[in-house]
Amino acid sequence: MITDYFDWLTTTRGVTPNTIAGYRSVLKGFYAHVNGHGTGIEATQSWYKGLLVSCKPKTIKQRRQVVREFLRYELKHSQNAVAQESLEFLAETRVPLGEELRRLPTEEECRDWIFIGAHGRKWYNVRDRAMLALMYSTLRIHEVADLTMESLRLDDGVVLVDGKRNKQRLVPLPQVVIGLLRSYLKLARPRHGKLFGLNTEAIRLRCNRARDIAGLPIAWTPHDLRRAGSTHFFLRSKGDLASLQWLLGHTSPSTTSIYIRARDLISPDLILANHPLG
């Protein structure tokens with residue numbers, strides 16, 4: 001059933017291999033827990049309680065959604081009372097608000113993450129600074145992992161990014177990021193395959209290590225660098241939503257609007273500077 005589900009996601013919805021791998025990991029963990037705790041609704045409830053204890057709200061929401069979507073697919077193709085009960089239970093659950101309340105890094109904290117967290121002259125320090133700077137330049141973590149030498153067009157000041165659903169976009173890079181990439185190329189000289197030679201999980205570990213060295217909150221993830229970069233760009237560009245949509249690789253501007261939280265865009269100085277009575 002799960003194999004058929006992944007085939008359906010790929011052919012019908014155009015879900016990328018990276019996303020399929022994420023779904024597979026979630027469902028594998030879910031059924032490993034369920035099979036070890038019986039087959040009734042109590043096993044699903046136990047799995048969800050475990051998420052509440054061990055995972056961040058965003059992770060809880062994502063994993064719950066993956067399981068719910070699979071259960072809906074399963075019910076369309078078979079009569080399963082436990083799946084129905086599990087789906088109803090998950091539909092009634094509520095994710096804590098911690099993720100919405102957690103603030104994003106400031107510009108100074110992002111610079112610390114990049115230049116203090118990955119400080120050093122070793123080639124891997126230079127590599128880590130380049131990867132962090134690219135994520136702060138709004139690239140997704142899997143987009144950084146998928147970069148190749150052919151992706152770089154440094155003389156033109158851009159990088160060719162393969163986004164979701166095989167959509168490509170040219171992302172302009174500031175001179176600081178271009179300099180970091182040139183420094184990395186001089187030391188590492190990658191010739192074939194991926195530019196950084198790391199998968200998404202390895203990049204995540206390097207990013208978290210840099211975060212900890214910089215003394216930043218442990219709750220921040222590599223994705224928060226992308227979120228922070230988009231928010232800081234939006235503020236500096238005074239609300240250029242179209243350019244931000246392109247940078248993020250979003251199909252719809254409504255997605256971009258939701259992606260950046262309004263509370264992170266509040267700038268008293270900007271409000272006062274543009275107030276009609278100011």
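Quantities reported herein were computed from a predicted structural model and do not represent experimental measurements. (Residues numbered from 1 in each chain as written. Predicted model: local features only at pLDDT ≥ 70, side-chain atom pairs only at ≥ 80, totals over all residues. Heavy atoms only, no water.)

Peer 1: Requested: an account of the packing of aromatic side chains, with residues and values cited.
Peer 2: Scanning the entire structure with this criterion turns up eleven aromatic pairs. Plain terms: the ring middles of Tyr 48 and Phe 89 are 6.0 Å apart, the flat faces sit at 85 degrees to each other, and that makes the pair edge-to-face. A residue pair is termed long-range when its members are at least 10 positions apart, and Tyr 48 in helix α3 (residues 41-54) and Phe 89 in helix α5 (residues 81-92) qualify at 41 residues. Comparing Tyr 48 with Phe 89 shows no difference in burial state: the two are buried. With centroids separated by 5.2 Å and ring planes inclined at 40 degrees, the aromatic side chains of Tyr 184 and Phe 196 adopt a geometry described as tilted. Of this pair, Tyr 184 sits in helix α10 (residues 175-188) while Phe 196 is found in the loop between α10 and α11 (200-213), placing the two residues twelve residues apart along the sequence. (Phe/Tyr/Trp six-rings, centres within 6.5 Å; stacked < 30°, edge-to-face > 60°. Helix = DSSP H or I, 4+ residues; strand = E, 2+ residues; numbered from the N terminus. Buried < 20%, exposed > 50% of the residue type's maximum accessible area, 1.4 Å probe, protein only.)

Peer 1: Give me the pairing of strand β3 (residues 168-172): which residues, what numbers.
Peer 2: Here β3 shows a buried face lined by Arg 169 and Val 171 and an unburied face lined by Gln 168, Leu 170 and Pro 172. Two strands pair when backbone bridges link them, and strand β2 (residues 158-162) and β3 are joined in this way by five bridges, in the antiparallel orientation. In the sheet register, Val 158 faces β3, and the bridge partner there is Pro 172. Taking the residues that link successive antiparallel strands as the turn, the β2-β3 hairpin has five residues, and the phi of Arg 165 there is positive, at about 55 degrees. (Pairing = 2+ DSSP bridges.)

Peer 1: Got a sec to walk through the packing of helix α7 (residues 107-116) against helix α12 (residues 222-236)? Specific residues and values, please.
Peer 2: As a packed pair, α7 and α12 sit with axes 10 Å apart at the nearest point and diverge in direction by 140 degrees. Judged by the angle between their axes, α7 and α12 are oblique. In this structure, α7 meets α12 at a crossing whose hand is left-handed. In this structure, α7 contributes Glu 107, Cys 110, Arg 111 and Trp 113 to the contact, and α12 contributes Pro 222, Leu 225, Ala 228, His 232 and Arg 236. Tallied by class, the residues present in the contact of α7 with α12 amount to five nonpolar, one polar and three charged. (Axes fitted to C-alpha atoms, helices over the stretch in contact; angles between N-to-C directions. Parallel < 35°, antiparallel > 145°, perpendicular 65-115°, else oblique. Left-handed = near helix turned anticlockwise from the far one by under 90°. Contact = heavy atoms within 4.5 Å. Nonpolar A, V, L, I, M, F, W, Y, C, P; charged D, E, K, R; others polar.)

Peer 1: Could you give an account of the pairing of β2, naming the residues involved and the relevant values?
Peer 2: Along β2, four of the five residues are buried, which leaves the element largely enclosed by surrounding structure. Taken together, the two bridges between strand β1 (residues 152-153) and β2 define a ladder with antiparallel strand orientation. Each residue of the ladder has a partner; that of Leu 152, found in β2, is Val 159. Taking the residues between adjacent antiparallel strands as the criterion, β1 and β2 are bridged by four residues, where Gly 157 takes a positive phi near 75 degrees.

Peer 1: Describe empty space enclosed by the protein, and please don't skip the residues or the numbers.
Peer 2: Under the counting rule described, the total for this entry stands at one cavity of 30 Å³ or more. Taken as a whole, the largest cavity holds about 30 Å³ of empty space. If you go around the largest cavity, the residues you meet are Gly 117, Ala 118, Asn 125, Asp 128, Arg 206, Arg 209 and Ala 210. If you list the elements that add at least two residues to the lining of the largest cavity, you get α8 (123-136) and α11. A per-element tally of the lining of the largest cavity places α11 first, with three residues. Per-class residue counts for the lining of the largest cavity are two nonpolar, two polar and three charged. (1 Å grid on protein atoms, 1.4 Å probe; cavity = no way out; pocket = protein on both sides within 12 Å on 5 of 7 lines; lining within 4 Å. Points joined across faces, edges and corners; volume = space filled by probe spheres on them.)

Peer 1: Any details on the environment of Pro 174? Residues and values, ideally.
Peer 2: You can see Pro 174 is positioned in the loop between β3 and α10. Classification of Pro 174 by relative accessible area gives partly exposed; the value is 44%. Along the backbone, Pro 174 and Val 158 are 16 residues apart, and their C-alpha atoms lie at a distance of 8.7 Å.

Peer 1: Break down the layout of surface pockets for me, with residues and values.
Peer 2: Looking at the second largest pocket, its volume works out to about 460 Å³. Counting only elements with at least two residues in the lining of the second largest pocket, the list comes to α7, α8, α10 and α12. Tallied by class, the residues present in the lining of the second largest pocket amount to eleven nonpolar, five polar and three charged.

Peer 1: Tell me what's going on with the nonpolar core, and back it up with residues and numbers.
Peer 2: With 39 residues, the main nonpolar core has Leu 132, Leu 134, Leu 181, Phe 196 and Ile 203 as its most contacted residues. Mapped onto this core, the elements with two or more residues apiece are α7, α8, α9 (141-145), β2, α10, α11 and α12. With seven residues, α8 is the largest single contributor of residues to this core. (Core = buried A, V, L, I, M, F, W, Y, C linked by side-chain atoms within 4.5 Å.)

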